[in-house]
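Each chain, written out:
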Amino acid sequence: MTDERPHRIGIDVGGTNTDAVLIGDEGSVVASVKVATTTDPLDGIRAALDGVLEGQDRSRIGRAMLGTTHPANAIIQRRGLDRVGVLRLAAPSSLAVDCSAAWPQDLRDVVLGPTAIVEGGNEYTGAEIAPLDEDGIRRLAAEVAAAGCPAIAVSAAFSPASPEHELRAAEVIAAEVGQALAVSLSHQVGALGLIERENATILNAALLSTSSAVVDGFRSALAHHELDVQAYLTQNDGTLMTAEEAERHPVLTLASGPTNSMRGACALAGVDDAIVIDVGGTSADAGILVDGFLRESTAAVEVGGVRTNFRMPDIISMGLGGGTIVRTEDGGLRIGPDSVGYAVSTEARCVGGDTLTLSDVSLAIGRLEGFGDPALVADLGADLLTEATGWVDAQVAGLADRMKSSRDEVPLLAVGGGAHLVAERVDGISEVIRPGHHGVANAYGAGIAEASGSVDKVYSYDVDGRDESLDRAKADAVDAAVRSGAERDGVRITNVVEIPMTYVPGGGCRVVVKAVGPLR
Amino acid sequence: MTITTLAADDIESLCVGATLLGTGGGGDPYIAKLVARQALEQHGPVEVVSASDLDRDARVLTVAIIGAPTVILEKVPAGTEFVKSVEALSAYLGDEPAAIMPIEVGGLNTLLPIATAAEMGLPVVNADGMRRAFPQIEMTVFTLAGIPAGPMSVADEKGNLCVFETVNNQMAETLARTAVIQLGLANAISCYPMTAGQIADHAIADSLTYCRDVGQLLQSVQRIEEGAWDRFLAETRSHRFFEGKVVDLDRRTTDGFARSTLILHDLAGSDRVMRIEVQNENLIAYVDDEPVITTPDLICLLDHETYEPLTTEAIAYGNRCHVVGMPCAPEWHQDGVVDLVGPVAFGYDLDPVELPR
């Protein structure tokens with residue numbers, strides 16, 4: 001049915017702007033719009049939809065995708081977070097580390113309600129550590145509900161491989177307190193690593209009200225425009241969740257902003273493998289896409305000061321932007337790291353301001369057009385321009401080199417308001433591409449996203465064999481992608497990571513597989 | 001007297017030092033840090049003593065976690081298993097411990113004995129048997145001194161306990177590993193029961209404070225303090241052998257144990273290539289096929305920008321790092337060291353190389 005309506009709407013709700021793009025046949029940009037983000041996200045989404053749908057044929061639009069930094073900002077600003085109960089199913093193991101052990105005090109004060117570690121959870125073999133303590137679960141559920149907390153986070157040892165105890169705990173909680181508590185289960189939000197996964201689950205539970213507001217806003221904006229479409233949100237890796245799933249698992253959307261922006265830029269340029277540099281007014285972010293997906297970082301990721309185990313995009317930031325301030329002192333130049341930021345449009349020398357910025361340098365050497373008056377920067381000396389340009393080029397080449405994983409030359413995509421800083425030639429780069437429509441790369445990245453599924457499990461190669469274990473993991477990942485809405489025939493494996501277990505014989509190996517495919 | 005105390009504040013530096021001395025393995029000490037911090041907050045600071053501060057006949061028992069770091073990430077310690085393993089061995093021997101000692105200062109096992117000492121109200125001895133991570137129980141300076149690993153005890157968090165008598169330290173390793181596979185791969189072990197006198201004569205001295213000091217030096221480097229990098233290299237007598245980018249990472253499982261090979265290309269753009277052979281820990285580093293650092297000396301990888309020590313599990317394509325060769329504890333330089341922990345002990349037909357002085 002959706003084949004007859006192949007057009008999509010991509011929407012990005014950022015901290016400053018809400019963008020929308022209407023994507024037509026073969027990924028073409030039919031219309032795009034940028035409006036200010038509003039306190040209630042609904043208003044901004046409505047305004048963006050107004051703009052992008054004006055005069056367009058709606059009958060061929062089948063889907064709408066939303067990317068948002070709303071939940072991420074809620075954590076960073078400690079705003080709109082709910083206080084939640086915390087239940088761990090792992091005793092007698094894990095008692096040496098409390099549920100709040102790794103939390104900064106200010107976030108602990110806002111988020112953590114009653115907690116308990118009760119008997120339950122599984123061994124790596126799948127055997128029970130202890131039978132599930134259902135009385136203990138009931139006691140905590142009653143206490144959490146009585147404390148007025150709206151949600152509870154439940155995490156069991158080895159639940160990514162053996163989710164039964166978490167699922168049973170959800171039933172016990174529902175039987176005890178009815179619908180009074182929303183339940184977040186750790187195997188649905190995180191990978192191996194009990195403490196980090198528990199942290200992510202607590203954050204998830206604390207974000208449920210915020211995510212409901214965003215998803216409700218999205219749905220009612222779609223209804224307001226009489227769009228009968230399937231609604232999705234993008235997650236950290238740039239793939240999709242249904243709106244219903246996103247409402248329950250907001251923590252999986254935390255890093256979708258930069259991911260959508262970089263994937264969108266690559267898709268607009270028609271390349272799958274490239275380095276992307278997104279240069280703003282103050283800073284530049286760099287990432288690398290391999291087969292259309294951002295390389296992920298292996299380092300533990302802190303979210304608002306809490307350690308989690310999400311796979312987040314591997315992005316490096318540095319103080320390089322259109323508003324970066326250039327100073328002459330002691331006969332030399334000092335460039336940045338401070339910046340006039342977005343005020344570059346009023347404070348830069350070339351628009352009549354008093355501050356010499358990198359935008360002025362770009363204009364004087366002919367890299368920037370359509371901004372400012374060249375006459376106002378005509379007095380800049382050749383030495384100053386050479387030195388400043390040399391510094392900028394070295395920073396860009398350095399960023400690109402840090403992202404590269406081999407000596408082969410790859411293309412570089414330059415996007416963002418400060419993209420003029422990137423020269424036409426960069427060391428180690430095959431070509432510099434400046435994709436069209438890059439101002440709405442975020443929304444475009446959301447609009448082109450696909451469905452995915454993943455598996456993260458420990459296998460015994462000695463017992464099951466490596467090939468069979470990998471085949472099983474891949475088949476499970478494909479099934480998971482199909483469950484998230486992918487067309488089975490179109491699903492491909494995008495990532496296989498094998499991490500052999502150290503310090504034990506027996507061929508134990510942790511296998512992480514991801515599968516991605518187009519929506520059916 | 002060289003008594004000092006360890007409080008929750010020291011744990012951060014010890015954790016950085018422990019990751020470095022893990023030399024790529026030893027298990028990420030993050031969980032151990034949380035365990036130690038909680039124990040110190042609950043039970044108060046722990047006294048650190050030298051073996052020579054104790055009566056020569058005083059009993060000292062070691063404690064460590066044994067299992068798979070991947071499993072420990074999920075099956076976090078209960079705390080009680082460590083106390084149980086110590087108490088079981090103490091009951092078997094028929095005497096009370098006067099202090100607790102780490103067996104392996106490097107990785108996870110640096111910090112866990114501190115938690116156990118706090119819980120038992122005992123001091124911790126500032127010494128160990130490795131001052132780096134090694135994969136097997138017999139790989140200690142105690143084996144070189146002829147001190148048996150047994151009797152030893154293995155305990156889990158549920159109350160299962162075994163005490164072993166073994167005829168040699170290799171058999172101690174085999175029996176312990178077999179028990180641990182049945183007990184869930186995250187267990188407590190107490191082995192090498194010794195007197196304070198034996199420790200004063202044969203252990204690697206001052207390893208806990210060494211670990212903390214090395215951690216503090218590296219933290220200064222991470223804060224980009226003036227001259228900190230040179231001070232770190234000088235005080236650890238280390239050398240930077242390479243600044244490179246990981247271009248290949250071949251992980252495979254042979255003989256049951258995880259082995260991998262890392263290939264790094266020179267960041268400065270020359271054709272020099274570094275290859276590092278890894279089995280649990282980084283064991284041998286070659287530059288252009290010439291061995292430059294060999295076990296038991298330490299091969300440490302540090303993130304090129306943040307100077308965070310990197311464990312093998314965390315390394316990925318494209319990581320940029322410093323490769324540092326750090327001399328092993330001087331106590332290792334005695335007869336038998338090459339056969340016990342040199343390249344040949346890990347199946348490499350290679351003579352150890354000496355680090356530049």
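Throughout this document, residue positions are counted from 1 along each chain, in the order its sequence is written. In the order they appear in the text, chains get letters beginning with A and ligands get numbers beginning with 1. Since the coordinates come from a predicted model, pLDDT governs what is reported: local features require at least 70, and pairs of side-chain atoms require 80 or more to be given and counted, while whole-chain, interface and lining totals use all residues.

Asker: It is not clear to me how unusual backbone geometry should be interpreted in this structure. Could you clarify?
Answerer: Of all residues except glycine, most have a negative phi; of all peptide bonds, most are trans. Of the consecutive residues G336 of chain A and P337 of chain A, the connecting peptide bond is found in the cis state with omega at 0°. Following the sequence through the fold, P337 of chain A ends up in strand β18 (residues 332–339). In the segment running from G150 of chain B into P151 of chain B, the intervening peptide bond is cis, with an omega of -5°. One non-glycine residue, S94 of chain A, lies in positive phi territory at about 75°. Comment: elements are numbered from the N terminus, with helices defined as DSSP H or I runs of at least four residues and strands as E runs of at least two.

Asker: Mind showing me how you'd approach the pairing of strand β11 (residues 274–279) of chain A here?
Answerer: For a regular strand, side chains alternate in direction, first toward one face of the sheet and then toward the other. Residue and element names in this part refer to chain A. By the criterion of burial, β11 is predominantly enclosed, with six of the six residues buried. A two-sided burial pattern is seen for β11, the buried positions comprising A274, V276 and D278 on one face and I275, I277 and V279 on the other. When DSSP locates at least two bridges between a pair of strands, those strands are taken to pair. Where β11 lies against strand β12 (residues 284–290), six bridges are found, and the strand directions are antiparallel. When the sheet's bridge partners are listed, V279 is paired in β12 with A284. Between β11 and β12, which pair antiparallel and follow one another directly, the connecting turn spans four residues. Field definition: a residue is buried when 20 or more other C-beta atoms are found within 10 Å of its C-beta, exposed when 12 or fewer are, and partly exposed for counts in between, with C-beta atoms placed from the backbone.

Asker: Please explain the environment of G280 of chain A as it appears in this structure.
Answerer: Residue and element names in this part refer to chain A. Looking at the secondary structure, you find G280 in the loop between β11 and β12. It is 5.0 Å that separates the C-alpha atoms of G280 and G418, two residues lying 138 residues apart in sequence. Contact definition: two residues whose C-beta atoms, as placed from backbone geometry, lie within 7 Å. Not counting the four nearest positions on each side in its chain, G280 is found in contact with G321, G416, G417 and G418.

Asker: Would you mind showing me how to read the packing of helix α4 (residues 80–93) of chain B against helix α5 (residues 112–120) of chain B here?
Answerer: Helix-helix packing is described using two parameters, namely the angle between the two axes and the distance between the axes. Residue and element names in this part refer to chain B. Helix axes use the C-alpha atoms of the stretch in contact, all axes being lines fitted to C-alpha atoms, and the angles between their N-to-C directions lie in the range 0 to 180 degrees. Between α4 and α5, whose axes approach to 9 Å, the crossing angle comes to 75°. By the angle class used here, α4 and α5 are roughly perpendicular. Each of F82, V83 and V86 in α4 lies in contact with α5, whose residues at this interface are L112, T116, E119 and M120. Its residues placed into classes, the contact of α4 with α5 shows five nonpolar, one polar and one charged. Angular relationships are summarised with four words: roughly parallel below 35 degrees, roughly antiparallel beyond 145, roughly perpendicular across 65 to 115, and oblique for the angles in between. Residue polarity is assigned by list, with Asp, Glu, Lys and Arg as charged and Ala, Val, Leu, Ile, Met, Phe, Trp, Tyr, Cys and Pro as nonpolar; anything else, Gly included, falls into the polar class.

Asker: When you look at the packing of helix α2 (residues 30–43) of chain B against α5 of chain B in this model, what are you seeing that I'm missing?
Answerer: Residues and elements named next belong to chain B. Axis separation between α2 and α5 bottoms out at 8 Å; the angle between their running directions is 20°. Our classification of the angle between α2 and α5 gives roughly parallel. Read as a crossing pair, α2 and α5 show a hand that is left-handed. Here A32, V35, A36, A39, L40 and H43 of α2 come into contact with α5, specifically with L112, I114, A115, A118 and E119. Crossing handedness follows the turn of the near helix against the far one: under a right angle anticlockwise gives a left-handed crossing, and clockwise gives a right-handed one.

Asker: Help me understand the environment of V86 of chain B in this model?
Answerer: Residues and elements named next belong to chain B. Within the secondary structure layout, V86 lies in helix α4. Put simply, V86 and A117 are 31 residues apart on the chain and 10 Å apart in space, counted from C-alpha to C-alpha. With residues up to four places along the chain from it excluded, the contact list for V86 reads L61, V63, P97, I100, T116, M120 and S190.

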